Amino acid sequence: MTNFVEPLLSVIVPSYNTPSELLKRCLDSIANQTYRNIEIIVVDDGSIAPISIEDIGIYPNLKLIRNVSNSGLFRTRVNGVNAASGAYIAFVDSDDYLSSDFFRSLIYSAELYQLDIVAGTTIFEKSNGQKLIRQLHEESFPKGVICGDDVSRAYFSHQGSCFVWHTVWNKLYSKKLWDVTLDYFNTIKEHIVMTEDVLFSSV
């Protein structure tokens, strides 16, 4: 893409009692991306031992937000979005980590095709170290790009059979899409225990 100006990406990392070595691995994988224009927003959801910079180290453009009490993953993610300054939003769970080129390819596609959501490849790593690569976006979105009314038709026609529609951790979102939903999301104060991803994706 010629004359490509890198828009700011806000990467939100919710954390609740995450071991410091896992959180540091996660943050290292974000800081070491080939895509450089990133702010990292770590939201500590009332951990028993609060996260400190001394524990995780110093990262460029890092914001650390602390929930006063444990609010749950839904509220923690929304708090992160409320603090985000980027043109794009991404979520990384604190015990996950990324390949070095993950965000560059997603943002390139989003900018090239003017997309509000881009899904990436997921690798499931088992406890024995075995890795399973799944092209979840190809399994779920065989057309490649879905636009307009085709989005809602495809979403509701799968009838819950494909979880990749709901997961937020394998996607890039435009901030303008989230801005449409935030007024509603900010009214939800309950600690949602399950299916928070379905609430995000449905709205």
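Being a predicted model, the structure only gives us computed values, none of them experimental. (Residues numbered from 1 in each chain as written. Predicted model: local features only at pLDDT ≥ 70, side-chain atom pairs only at ≥ 80, totals over all residues. Heavy atoms only, no water.)

A.B. asks: How should I be thinking about helix α3 (residues 73–82) in this particular structure?
C.D. replies: Within an α-helix, residues lying three or four positions from one another point in the same direction, as the helix has 3.6 residues per turn. When you tally the buried positions in α3, you get seven out of 10 residues, the bulk of the element. Among the residues making up α3, those that are buried are Phe74, Arg75, Thr76, Arg77, Val78, Gly80 and Val81. Where α3 is buried, its residues touch β1 (9–15), β2 (38–44), β4 (88–91), α7 (175–185) and α8 (196–202). (Buried < 20%, exposed > 50% of the residue type's maximum accessible area, 1.4 Å probe, protein only. Helix = DSSP H or I, 4+ residues; strand = E, 2+ residues; numbered from the N terminus. Contact = heavy atoms within 4.5 Å.)

A.B. asks: Before we go on, may I ask you to explain the pattern of salt bridges in this structure?
C.D. replies: Inspection of the entire model under this criterion finds seven salt bridges. The partner of Asp28 in a salt bridge is Lys24, with the nearest N and O atoms 3.4 Å apart. Placement of the pair is Asp28 and Lys24 together in helix α1 (residues 20–31), with a separation of four residues, close to one helical turn. When its relative accessible area of 26% is taken as the criterion, Asp28 is described as partly exposed. The residue Glu39 makes a salt bridge to Lys63 at a minimum N-O spacing of 3.3 Å. Separated by 24 residues along the polypeptide, Glu39 in strand β2 and Lys63 in strand β3 (residues 62–66) bring together distant segments of the chain. Residue classification places Glu39 among the buried residues on the basis of a relative accessible area of 2%. Using a relative accessible area of 28% as the deciding quantity, one classes Lys63 as partly exposed. (Salt bridge = Lys/Arg side-chain N within 4 Å of Asp/Glu carboxyl O.)

A.B. asks: Would you mind showing me how to read the nonpolar core here?
C.D. replies: Within soluble globular proteins, side chains that are nonpolar generally end up buried alongside one another. With 27 residues, the main nonpolar core has Leu9, Val13, Leu27, Ile30, Phe103 and Leu172 as its most contacted residues. Among the elements of the structure, β1, α1, β2, β4 and α4 (102–113) are those that each provide at least two residues to this core. Ignoring sequence-local partners within four residues, the contact set of Val13 consists of Leu23, Cys26, Leu27, Ile30, Ile40, Ile41, Val42, Val43, Val92 and Ser94. Among the nonpolar cores identified, the runner-up in size contains 16 residues, and Val43, Phe74, Trp178 and Phe200 belong to it. (Core = buried A, V, L, I, M, F, W, Y, C linked by side-chain atoms within 4.5 Å.)

A.B. asks: Would you explain the packing of aromatic side chains in this entry?
C.D. replies: The final tally for this structure, using the stated rule, is 11 aromatic pairs. Aromatic side chains Phe74 and Phe200 sit 4.8 Å apart centroid to centroid with 20° between the ring planes, which places their arrangement in the stacked category. Linking Phe74 in helix α3 with Phe200 in helix α8, this pair joins segments that are 126 residues apart in sequence. Comparing Phe74 with Phe200, the two get one shared label, buried. Residues Trp178 and Phe185 carry aromatic rings whose centres are separated by 5.8 Å and whose planes lie at 50° to one another, so their mutual orientation is tilted. Exposure remark for Phe185: the relative accessible area of 1% places this residue in the buried category. In textbook terms, an aromatic cluster arises when at least three aromatic residues are bridged by ring pairs, as seen for Phe74, Phe91, Tyr173, Trp178, Tyr184, Phe185 and Phe200. (Phe/Tyr/Trp six-rings, centres within 6.5 Å; stacked < 30°, edge-to-face > 60°.)

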